[in-house]
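# Structural features, examined
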Amino acid sequence: MLIKSRSLAVLLAGAAACCSPVAAMATAQERQSYDIPAQDLGEALRRAADLADIELYASSRDLEGKTAPALKGQFTPREAIETLLAGSGLIARFDDRAVIIRNGVSAEIPSSAEPETIIVTGSRIAGAPAPAPVIEVTAEDIRNAGHADLGEVARSLPQNFGGGQNPGIGSGQGVANENGNVNGASTFNLRGIGANATLTLLNGNRFAYSGTQSVIDVSAIPAAAVERIEIVTDGASAIYGADAVAGVVNILLRKDYEGITTSARLGGSTDGGNFQQQYNLLGGLNWAGGGFLATYDYFENDEILARDRSYARASNPASTLYPHLQRHSFLVSGHQQLAPGVTLKADALYKRGDMESVRGLLIDRPITTRGTIVTNRFETFGVAPTLEADLGGDWHARFTAFYGTDKTRGVTQNFTNGVATLPLRIFNNRSYSIEAGVEGPLFALPAGDVRLAAGGGWRRNRLAATVSGRDFSGSRDNRYAYGELFVPLASPAQDLSLAHRASFTAAVRWEDYSDAGSIVVPKLGFVYAPVAEFSLGASWGRSFKMPTLNQQYSGYTPVLLPVTGYGTLFPTGSTYLYIGGRNPDVGPERSENMTLSATFRPSPRLQIVTSLFRIDYRDRVAPPFGSPLGTLTNPLFADLIIFNPSPAQQAAAIAGAADPLGNGTTSPYNPATVVALLDGRDRNIASQRYEGADLSLRYRAPIGSQTLTLTASGTWLDSRQRLLPTLPVTDLAGTIFNAPHFRARGGASFGGARFTLASFLSFSGGVTDRRRPVPVSISPVTTLDMSARVKIGDLGEVTVNALNIFNAKPDSIAVASPSDTPFDSTNYSAVGRFLGVTISRDW
């Protein structure tokens, strides 16, 4: 592998030689064609910099709330940038192969000014370079890939695992409650650690949890309103708090949109089912000191039935492999300057819809003979106002609040010979939060200002649920305070040998929970760039995740079981009392994260980022064993057993349960025959390690008035688990219903404002099914996608998508019954080849 890496470095160095300063100087003087519509200033500058083949540096704070006029015609790069900046109060300084955008408070830009990239995730300090890689997915990337919603974006990323809470997850897909489909929600699940171990934000704010897994439904956010998504694949609890174990996903909305855009999308799977229709209305308006954006999105897809997929012959033909899903989403985002230096912002989100899935328990009988029909209705609402104020001396204050709800109401029709029972499921999540923080300089060093961000807040989450006639509820309050320090050690203005840029960051966060006590987590980061084209990053920190309210408060179940398989060790007719399920005594799960990264940018056209990561995750909530069989004489579980429990101990265990005593014996419950009380409830016992490497490449080059973009990214993952200190280590990555060892995605796009052609190749590695005595290999899946987008004068724009062109299919897997999904739906999809057409128009 080292030889291959060195060979690649040689090739890249040769490519960099072609990008000489002479060529850059020539480009800076030449006129070329631009056709950039009026839009957010940051996006317009990005586009112009790409076309001019120059590197753009700007502060997100300077660009906030500013729009750019339309730019059409022949311009030099300098003329193009200055035209876009006209009236913004910003000015540009052009250096070799770069442009630096600054607030035009004076006619001169100090030569010591250090550029700041437009990255807002991973730090609370504006302009602080990220010590861990930040993955960016732009609105253009989403359109080129043909993704209907942000759930499809998440599932396309090599660093993400399709398991967890997602609409395509079937039944019998691994550990209960880890992979499932509660209400059609889509989530990010970085590294496959768990969807609730990835923190998802909307414009930097938390929103209400969905279902039972403490996750955020990203499909509720219309893709048309998204400017970009920033993903930090590194633990960040010291910055953002709980749940940021695998990383942070920040979904950033378009800031300033003017006009109205309508779009309609139709498509379907060529093997049958999954007919999709999607309609979107996007509108925005700007005025002096403010603006707003609003969008409505309707989406519906038909179900995919087992009869339409060749690999699903082990299922009832009427069973659904992908549910029928319908949703309405509405989002509003606005901002208004109240006074000089004081701005009020707000984001509001509403979603409602329904989902239906069918499962046949017998392969050759109607669903109404023996089967289930599950119908879920869901509704989400959230509003997050933010007040930002300049305090003077380059200090800034930010006050935020949030209120949100997420409601799921489900009915399961359990059929037996035409007669149905109708157990009801209701999950009501409610969240509140307030936060205040400041950020600014403390003092100056030769390399720049030492900056501090500090603040604190309060948050409450509540879950009220009804499951099969049983009610339970739980709530959690937490107070928190944080601090983050940025220390610049070297800057380009100092012109130091082998120290182009260097900086150090340190963060600490304290949180106090009503049901878990206090937690303190630190984080350290270091960035070193010996030259402008190459930089190194190192990040270390501790993160944590609280158990879900469902894990902690939904209660446990007692069952009376016969003592069998132990010979004469116990009297004939002996029984034991087993309690299993949730446990109110579980506490936080904790991790230690380390990331090392290198970024090579030989020219503004080419960027290569590679990183190594390791996550040691301990105190994971898990049951101590998979089955109670054989545990009574196994010394590994001695601490979980009370032999010859008294009637009072038995009564206390039964009385504390959420369900009545289940009887798995042929005789009535008799305390005198109970020889053991076995506690198999969840507890903080499991330890896991996730480690691997990421590699990404992005190349962008103007060709006339068009742009060629090449991208490639891949992830190698190795993960394993130990349930108890005395139990052996078992593999996670590369095994069925877990992330594969290797995933990759590469693409190419060519075009501009009038047309774009794009193609993407995705690879999801194979896994091994070890559920049987003889392991079975599950084949990898490779898919090829293509899309074409053409603007037809003033009539509108037409986009054609062909996804999974060669109709790659997953392997069939062994199932315990026809009700289990007959393929690994956490890694592979039932959609198959998909053809779609989108028509949109700006009004």
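Just above, that's the structure.
Okay, so let's go over this structure. (Residues numbered from 1 in each chain as written. Predicted model: local features only at pLDDT ≥ 70, side-chain atom pairs only at ≥ 80, totals over all residues. Heavy atoms only, no water.)

Turning our eyes to something else, we now look at the side chain of Asn-801. Note on placement: Asn-801 falls in strand 43 (residues 796-803). Once residues within four sequence positions are removed from consideration, Asn-801 is found in contact with Gly-146, Met-786, Ser-787, Phe-834, Leu-835, Gly-836 and Thr-838. (Helix = DSSP H or I, 4+ residues; strand = E, 2+ residues; numbered from the N terminus. Contact = heavy atoms within 4.5 Å.)

Further remarks concern the sheet that holds strand 28 (residues 556-562). Spatial strand order, 32-34-29-28-33: 5 strands in an open sheet with mixed pairing. Looking along the sheet, the strands with just one partner apiece sit at the ends: strand 32 (641-643) and strand 33 (662-663). Note: strand 28 against strand 33, 2 bridges, orientation parallel. Bridge pairing links Val-559 to Gly-662 in strand 33. Contacts between helix 10 (residues 647-655) and the sheet are confined to strand 28, strand 29 (575-581), strand 32 and strand 34 (674-681), with strand 29 contributing the most and set at about 30° to the helix. (Pairing = 2+ DSSP bridges. Axes fitted to C-alpha atoms, helices over the stretch in contact; angles between N-to-C directions.)

As a further point, take helix 3 (residues 41-52). Taking 1.5 Å of rise per residue, 12 residues should cover 16 Å, and helix 3 covers 16 Å from first to last C-alpha, within 8% of that figure. Across the 12 residues that make up helix 3, a large majority, 12, are buried. Every buried residue of helix 3 is accounted for by Leu-41, Gly-42, Glu-43, Ala-44, Leu-45, Arg-46, Arg-47, Ala-48, Ala-49, Asp-50, Leu-51 and Ala-52. Following helix 3 by one or two positions, Asp-53 has its phi on the positive side, about 60°. (Expected span 1.5 Å × (residues − 1). Buried < 20%, exposed > 50% of the residue type's maximum accessible area, 1.4 Å probe, protein only.)

Turning to the side chain of Thr-375, a few remarks are in order. Assignment of secondary structure puts Thr-375 in strand 19 (residues 370-392). Look at Thr-375 and you get buried, because its relative accessible area is 18%. Within polar-contact distance, the side chain of Thr-375 engages the side chain of Glu-356 at 3.5 Å. Setting aside residues up to four positions removed in sequence, Thr-375 forms contacts with Met-355, Glu-356, Arg-409, Gly-410 and Val-411. (Polar contact = N/O pair within 3.5 Å; in protein donor to acceptor, adjacent residues only side chain to side chain.)

Before going further, it helps to spend a moment on the nonpolar core. For soluble globular proteins, the rule of thumb is that nonpolar side chains tend to be buried together. By size, the foremost hydrophobic cluster in this structure holds 41 residues, and its most contacted members are Leu-150, Ile-221, Ile-229 and Ile-251. Among the nonpolar cores identified, the runner-up in size contains 23 residues, and Ala-48, Leu-71, Ile-81 and Ile-101 belong to it. (Core = buried A, V, L, I, M, F, W, Y, C linked by side-chain atoms within 4.5 Å.)

In this section: the sheet that holds strand 8 (residues 134-138). As summarised here, the arrangement of the 4 strands in space is 8-10-11-9, forming an open sheet in which the pairing is mixed. Single-partner strands in this sheet number two, and they are strand 8 and strand 9 (198-202). Sheet twist, expressed as the mean angle between neighbouring strand axes with direction ignored, is 15°. Bridging between strand 9 and strand 11 (residues 247-253) involves 5 bridges; their strand directions are parallel. Note that in strand 11 the partner of Thr-200 across the bridge is Val-249.

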